[in-house]
Amino acid sequence: MTNALLIRGGIVVNADREFTADVLCVEGQIAAIGADAARQAPAGAVQLDASGQYVLPGGIDPHTHMQLPFMGTVTMDDFFTGTAAGLAGGTTTILDFVIPNAQQSLMEAYGTWREWARKSAADYGFHVAITWWDESVYRDMGTLVNEEGVSSFKHFMAYKNAIMCDDEILVKSFRRALELGAMPTVHAENGELVYFLQQELARKGVTGPEGHPRSRPPAVEAEAAQRAIAIADVLGVPLYVVHVSCMEAADAIARARAAGQRVYGEVLAGHLVIEESVYRAPDFASAAAHVMSPPFRSKAHQEFLWRGLQSGSLQTTATDHCTFCAAQKAAGKDDFAKIPNGCGGIEERMAVIWDAGVNSGRLTPSEFVAVTSTNAARLFNLYPRKGLIAQGADADLVLWDPQASKTLSAATQHSRGDFNIFEGRTVRGIPTHTISQGRVVYANGDLRAERGAGRYLPRPAFGANFQALDKRAKQQFAPMAAKP
Ligand code: URQ
Ligand code: ZN
Ligand code: ZN
């Protein structure tokens, strides 16, 4: 039986334009768009009526942590439950993170995460974190790029005494990424300053979650962002800054881009709409549930981030989906620095950004598609397989009803987390159907996620143009091309 699906009468939205057209999907790929679609539909094709709805490319979340061992525990969502929750919200692809322990072989850690991810319900790729350095890391980065299709490497500038990178590692790893045609990415917070401020606050007797944002003020993020941008500039390598949360870091990215540097910024749905007052909630559980890094900020920062998305100085949205339940968060009951950092959001991201972004006039539907799918596909070399509706692309699509509304709640979420940072928020504009690999996996509340249906997505290195972009780096550092 051919896997065929005909989506009729919807408004197709790509990052460049929107147009009314039928879409035919056959065997997991988009086979035809427009008048031909119905004519080419094989007998027995499943038909969906999309009249009055938008037809969007499946969402891509470039920043998730399923099944992550972190701060003495493991996140509540594994690769099946987390990707299933994503499908219920219109996200059909995730990029997750392999995070080796210090001194752990990158290839060994990569093998472990690949095994964990086999249960995924949706397609997935991996960034690999560089948490330490020696000759084997240099070598394994080459293997990962050339043989495994990992073309992005993460660097945590925070989390001292755990996975934090110092400048020596940043310089060596960024240079190696340039050699390989891979994208370096950073979690930009100065881990030394965070550690100092945590100690200071403890000395003053501040133990509750209200201490979390006080230990990570915007200046701590801005310093690290500016430092990573400067290192990337001197080395001539592009840079992607994850979860930009404050105006100072967003401004540093905008200034670097205005100077012609290839710096890209990611914004989390939570940082766009959730305010720092959540850390002053009377009950520990609610305040602790919002502990993630960088912390949620004030409205002024949120407005700056929205303008970054509107102006194109920030390119992608993500969730950093990293769910811990109340019992896990209680590890920090007497010391906020011990509260496992992370929140959920993979199911809510697209609806929250549509409601706050498109309904408010900040973003057009096409700009929404760019920041929830296309730009991530381009920056992480999944385009044009993912991130647009075009013949030959993967049949990952979302039917989006701009008039339907829903109130977000932990009571109805599919994540295994027990808290929802968007609790009680009513959004207008929600997915009615999610199609993954040409099959309907979510329909009007009925989630049909299949364990193990997700595929690993190898992502090639950036081509010769990437190397050519940084000829000056080659000229300046030619004598340094020797191995570390
Ligand atoms: O820092 C990250 O991205 C991971 C560890 C998730 N936790 C968080 O607070 N952002
Ligand atoms: Zn991070
Ligand atoms: Zn993260």
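Preceding this paragraph is the structure being described.
Residues numbered from 1 in each chain as written. Chains lettered and ligands numbered in written order. Predicted model: local features only at pLDDT ≥ 70, side-chain atom pairs only at ≥ 80, totals over all residues. Heavy atoms only, no water.

### Topic: the overall build of the protein
Next, step 1: When you go through the protein residue by residue, the secondary structure sums to 17 helices and 19 strands.
Next, step 2: Computed over the C-alpha atoms, the radius of gyration of the protein is 22 Å, within 12% of the 23 Å expected from 2.2 N^0.38 for a compact globule of 484 residues.
Next, step 3: In terms of its C-alpha atoms, the protein occupies a principal-axis envelope of roughly 70 × 60 × 40 Å.
Next, step 4: Burial status across the protein gives 62% buried among its 484 residues.
Next, step 5: For the protein, the proportion of contacts with a sequence separation of at least 24, taken over those separated by at least 6, is 77%.
Next, step 6: Total accessible area on the protein is roughly 17300 Å²; 51% of this is exposed by carbon and sulfur atoms.
Next, step 7: The average position of the 45 basic charges and that of the 51 acidic charges among the side chains of the protein differ by 2 Å. (Helix = DSSP H or I, 4+ residues; strand = E, 2+ residues; numbered from the N terminus. Rg over C-alpha atoms; globule rule 2.2 N^0.38 Å. Buried < 20%, exposed > 50% of the residue type's maximum accessible area, 1.4 Å probe, protein only. Contact = heavy atoms within 4.5 Å. Areas by Shrake-Rupley, 256 points an atom, 1.4 Å probe, with all protein chains shown as cover. Lys, Arg positive; Asp, Glu negative; His and termini not counted. Charge placed at Lys NZ, Arg CZ, Asp CG, Glu CD.)

### Some remarks on the pattern of salt bridges
Next, step 1: All told, the structure shown has 22 salt bridges when counted by the stated rule.
Next, step 2: Taking the shortest distance from any N to any O, the salt bridge between Glu-192 and Lys-160 comes out at 3.2 Å. Pair noted here: Glu-192 is in helix H6 (residues 191-203) and Lys-160 is in the loop between strand S11 (152-156) and helix H5 (167-180), with a separation of 32 residues, a long-range link.
Next, step 3: In this structure Glu-192 comes out as partly exposed when scored by relative accessible area, which is 42%.
Next, step 4: On the basis of relative accessible area, Lys-160 is assigned to the partly exposed category, the value being 28%.
Next, step 5: Where Asp-446 meets Arg-448, a salt bridge forms, and the shortest distance between an N and an O atom there is 2.8 Å. (Salt bridge = Lys/Arg side-chain N within 4 Å of Asp/Glu carboxyl O.)

### Quick look at the coordination of the zinc ion (ligand 3)
Next, step 1: Taken together, His-63 (NE2), His-65 (NE2) and Asp-320 (OD) make up the protein donors of the zinc ion (ligand 3), found 2.0 to 2.3 Å from the metal.
Next, step 2: For the zinc ion (ligand 3), the four donor atoms in the first shell make angles of 86 to 127° at the metal, a pattern classed as tetrahedral.
Next, step 3: Mapping the donors of the zinc ion (ligand 3) onto the primary sequence yields the spacing H-x1-H-x254-D.
Next, step 4: The metal-metal distance between the zinc ion (ligand 3) and the zinc ion (ligand 2) is 3.6 Å. Here His-65, found in the loop between strand S6 (59-61) and strand S7 (69-70), pairs with Asp-320, found in the loop between strand S15 (316-318) and helix H13 (326-329); they are 255 residues apart in sequence, far enough to count as distant. Considered together, His-65 and Asp-320 belong to a single accessibility category, that of buried residues. (Donors = N, O, S within 2.8 Å, 3.2 Å for Na, K, Ca; no water. Tetrahedral: all angles 85-135°; square planar, octahedral: opposite > 155°, others 65-115°.)

### Comments concerning the packing of aromatic side chains
Next, step 1: Here the structure, examined in full by the defined rule, presents 14 aromatic pairs.
Next, step 2: Ring geometry for Phe-156 and Tyr-159: centres 5.9 Å apart, planes at 55°, overall tilted.
Next, step 3: On the accessibility criterion, Tyr-159 (15% relative accessible area) is buried.
Next, step 4: By way of ring pairs, the aromatic residues Phe-79, Tyr-110, Tyr-124, Phe-126 and Tyr-456 are connected into one cluster.
Next, step 5: One Lys or Arg, Arg-17, reaches over the ring of Phe-19 and ends 4.0 Å from the middle of that ring.
Next, step 6: Above the plane of the ring of Phe-97 lies Lys-154, whose end atom (NZ or CZ) is 4.1 Å from the centre. (Phe/Tyr/Trp six-rings, centres within 6.5 Å; stacked < 30°, edge-to-face > 60°. Lys NZ or Arg CZ within 6 Å of the ring centre and 35° of its normal.)

### Re the coordination of the zinc ion (ligand 2)
Next, step 1: For the zinc ion (ligand 2), the protein coordination sphere consists of His-187 (ND1) and His-243 (NE2), at 2.1 Å.
Next, step 2: Coordination geometry of the zinc ion (ligand 2): the four donor atoms subtend angles of 57 to 145° at the metal centre, consistent with an arrangement described as irregular.

### Brief notes about the site of ligand 1
Next, step 1: Residues in close proximity to ligand 1 total 13 residues, the closest being Tyr-159, His-187, Ser-293, Asp-320 and Asn-341.
Next, step 2: One of the side-chain nitrogen or oxygen atoms of His-63 is found 3.4 Å away from an oxygen atom of ligand 1.
Next, step 3: Backbone polar atom of Ser-293 to an oxygen atom of ligand 1: 2.7 Å apart, as the coordinates give it.
Next, step 4: For ligand 1, whose accessible area on its own is 290 Å², the fraction buried by protein is 100%. (Near = heavy atom within 4 Å. Polar contact = N/O pair within 3.5 Å; in protein donor to acceptor, adjacent residues only side chain to side chain.)

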